[in-house]
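Geometric and topological summary
This is what each chain is made of:
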Amino acid sequence: MQYRLLGRSGLVVSRLAFGAMTFTAGNRINPALYRTEAGEADRLVGMALDAGVTFFDTADVYAGGESEAMLGRALGARRKDVVLATKVGGRTGEGLNEAGLSRGRIMAAVDASLARLGTDWIDVYIVHRFDPLTPIEETLRALDDIVRAGKVRYLGFSNWPAWGAAAAMELARAHGLAPFTHGQMYYSLAGRDIEHDYLDMAARYGLGLSVWSPLSGGLLTGKYRGGDGDGRLATFDMMPIDRSRIDALLDTIIAIAGDRAASPAQVALGWLLSRPAVTSIILGASKAVQLADTLGAVDLALEAEELARLDAVSATEAPYPGWFLQRYGDTVLAAALANLPSS
């Protein structure tokens, strides 16, 4: 296993993380997502631990809280050996205040998550989505309070716009509040949107990056070609992917996989592991065979030529003003600086 520091914190996490979103004790609200019951959940957690995985991720909304409870039980005495992350912000009930990132919601949700996880502390508490109705200052002060109370040790965010994360970092710095360590964002060969704005912001603030859905819901495994596949995309297709470009991308992934005696999933994950901005990749699996395959990605080091092929076939043009800056930047100065001898 490989390990990295999480952003500018001193917290060490494994580059492959385990995501427990599929865990369920019988919740059938969304069977395409919630499909891994107790026996298999325990087996998957054990496999991840044996492979050196130390970063485990869940959320209060997964299977109505069942995922948190099952992950806590599966970790058992090993809980002290891992970095445990969960999330707040999604809707957990019908009440008007049972969602979002208000102070009241955060204070109630963190205690509920601690109880379900069966732990005295949460290593990384992640705000699950941007809340346009709650002032960022209110959210940050509530998060700072639960850090100071010892309930939470580090903070992160997921699915936030770059401007919102930047504003939060500036406010935390100005008021001495606990800062975010990283963003948990969607990133894959089929979805490279965050390269156009988000990654520059993250580099500016020293934020780490953990990646959710690195295989785009299984699309990059190739199992959905021809309409086959019984995974989540069969009934739960949440990502706006340009399917007209996927065949060429899959052709390249599969060709490289064949050359390297690897699986398509390992190639897609290997590309992400090669990206300097990526701290950790969250592996979601409902079957042991899936997890065994994706864990193997850590041993695949793609060659520069293979990475270039994947880059080319998956590239998309930056949205404005990105395309303007790329096309009409100062090429004379850039060329001059590129030719400067190293000091």
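Everything here concerns the structure above.
In this report, the structure presented in the accompanying data block is examined.

1. Brief notes about the nonpolar core
- Ranked by size, the top nonpolar core spans 93 residues in total, and within it Phe18, Phe56, Tyr125 and Phe180 carry the most contacts.
- The element best represented in this core is helix H8 (residues 264-273), accounting for seven residues.
- Core analysis: the second largest hydrophobic core is formed by 10 residues, Leu11, Ala85, Ile126 and Ile282 among them.

2. A short note on the environment of Gly206
- Structurally, Gly206 can be placed in the loop between helix H6 (198-205) and strand S9 (208-212).
- A relative accessible area of 17% places Gly206 in the buried class.
- Considering only alpha carbons, one finds Gly206 and Leu6, 200 residues apart in sequence, at a separation of 9.4 Å.
- The residues contacting Gly206, other than those within four sequence positions of it, are Gly7, Arg8 and Thr181.

3. Focus on unusual backbone geometry
- Geometrically, the link from Tyr320 to Pro321 is a cis peptide bond, its omega value of 5 degrees lying close to zero.
- Along the chain, the position of Pro321 falls in the loop between helix H10 (304-314) and helix H11 (322-327).
- Even without being glycine, Ser213 reaches a positive phi, approximately 50 degrees.
- Note that Ser213 resides in the loop between S9 and helix H7 (246-260).
- A positive phi is found at Ser216, a non-glycine position, where the angle reads about 50 degrees.
- Topologically, Ser216 is positioned in the loop between S9 and H7.
- Taking relative accessible area as the criterion, Ser216 reaches 0% and is therefore assigned buried.

4. A word on a nonpolar patch on the surface
- Taken together, the side chains of Met1, Tyr3, Leu5 and Val12 present a nonpolar region at the surface, about 340 Å² in accessible area.
- On the secondary structure map, Leu5 appears in strand S1 (residues 3-5).

5. Quick word on the sheet that holds strand S10 (residues 280-284)
- Taken together, eight strands build a closed barrel; the order of strands is S3-S4-S5-S6-S7-S8-S9-S10 and the barrel is parallel. Going across the sheet, the axis of each strand differs from the next one's by a mean of 30 degrees, ignoring polarity.
- In the packing of H8 onto the sheet, contacts are made with strand S3 (16-19), S9 and S10, and the angle to S10 comes to roughly 155 degrees.

6. Considerations on the pattern of salt bridges
- Scanning the model with the defined rule gives 16 salt bridges in all.
- With a closest N to O distance of 2.6 Å, Lys87 and Asp57 form a salt bridge. Taken together, the residues span a long stretch of sequence, with Lys87 in strand S5 (residues 83-88) and Asp57 in strand S4 (residues 55-57) at a distance of 30 residues.
- Of the residues examined, Asp57 reaches a relative accessible area of 4% and is grouped as buried.
- Across the salt bridge formed by Arg275 and Asp311, the nearest N and O atoms sit 3.1 Å from each other. Of this pair, Arg275 sits in the loop between H8 and S10 while Asp311 is found in helix H10, placing the two residues 36 residues apart along the sequence.
- A relative accessible area of 18% means that Arg275 is categorised as buried.
- You can call Asp311 partly exposed: its relative accessible area is 24%.
- Within the structure, one salt-bridge network assembled from shared partners comprises Arg192, Glu195, Arg275 and Asp311.

7. Observations concerning the side chain of His182
- Within the fold, His182 resides in strand S8 (residues 180-186).
- For His182, the side chain forms a polar contact with the side chain of Ser210, separated by 3.4 Å.
- Ignoring anything within four residues of it in the chain, the contact list for His182 reads Leu6, Val124, Ile126, Leu155, Gly156, Phe157, Leu207, Gly208, Leu209 and Ser210.

8. Considerations on H8
- Counted residue by residue, H8 has nine buried out of 10 residues, so it is predominantly covered.
- Within H8 the residues assigned to the buried category are Ala265, Gln266, Val267, Ala268, Leu269, Gly270, Trp271, Leu272 and Leu273.

9. Re the packing of helix H1 (residues 38-50) against helix H9 (residues 288-295)
- H9 packs onto H1 with a crossing angle of 15 degrees between their chain directions and a minimal axis gap of 10 Å. For the element pair H1 / H9, the angle class is roughly parallel. For the pair H1 and H9, the crossing hand works out as right-handed. Of the residues in H9, those touching H1 at Glu40, Arg43, Leu44, Met47 and Ala48 are Ala288, Leu291, Ala292 and Leu295.

Conventions used here
- Sequence positions are assigned chain by chain, starting from 1 and proceeding in written order.
- Per-residue local features of the predicted model are confined to residues with pLDDT of at least 70, and side-chain atom pairs are confined, for both listing and counting, to 80 or more; whole-chain, interface and lining totals are unaffected and use all residues.
- Each side-chain value is derived from all of the structure's non-hydrogen atoms; neither hydrogens nor water enter the calculation.
- Buried Ala, Val, Leu, Ile, Met, Phe, Trp, Tyr and Cys residues form a nonpolar core when they are joined through side-chain atoms within 4.5 Å.
- The classification of residues rests on relative accessible area computed with a 1.4 Å probe and restricted to protein chains. Under 20% of the type maximum is buried, over 50% is exposed, and intermediate values are partly exposed.
- Starting at the N terminus, helices and strands are each numbered in turn, a helix being any DSSP run of H or I of at least four residues and a strand any DSSP run of E of at least two.
- Whether two residues are in contact is decided by their heavy atoms, any of which lying within 4.5 Å being enough.
- Without a salt bridge and with relative accessible area above 30%, a residue can belong to a patch; like charges are then joined within 9 Å and nonpolar side chains (Val, Leu, Ile, Met, Phe, Trp, Tyr) within 5 Å.
- Residue burial considers only the protein chains on display, and all accessible areas are found by Shrake-Rupley using a 1.4 Å probe.
- Just to be clear on terms, a salt bridge is a Lys or Arg side-chain nitrogen sitting within 4 Å of an Asp or Glu carboxyl oxygen.
- Strand pairing is assigned whenever DSSP detects at least two bridges linking the two strands.
- Inter-axis angles, ranging from 0 to 180 degrees, are taken between N-to-C directions of lines fitted to C-alpha atoms, where helices are fitted over the stretch in contact.
- Within 3.5 Å is the distance limit for a polar contact, defined as a pair of N or O atoms, with the added protein rule that one can donate a hydrogen and the other accept it, and that residues adjacent in sequence qualify only through two side-chain atoms.
- Any angle that is under 35 degrees is reported as roughly parallel, and any over 145 degrees as roughly antiparallel; angles of 65 to 115 degrees are reported as roughly perpendicular and all others as oblique.
- Should the near helix be turned anticlockwise from the far one by less than a right angle, the crossing is left-handed, and should it be turned clockwise, the crossing is right-handed.

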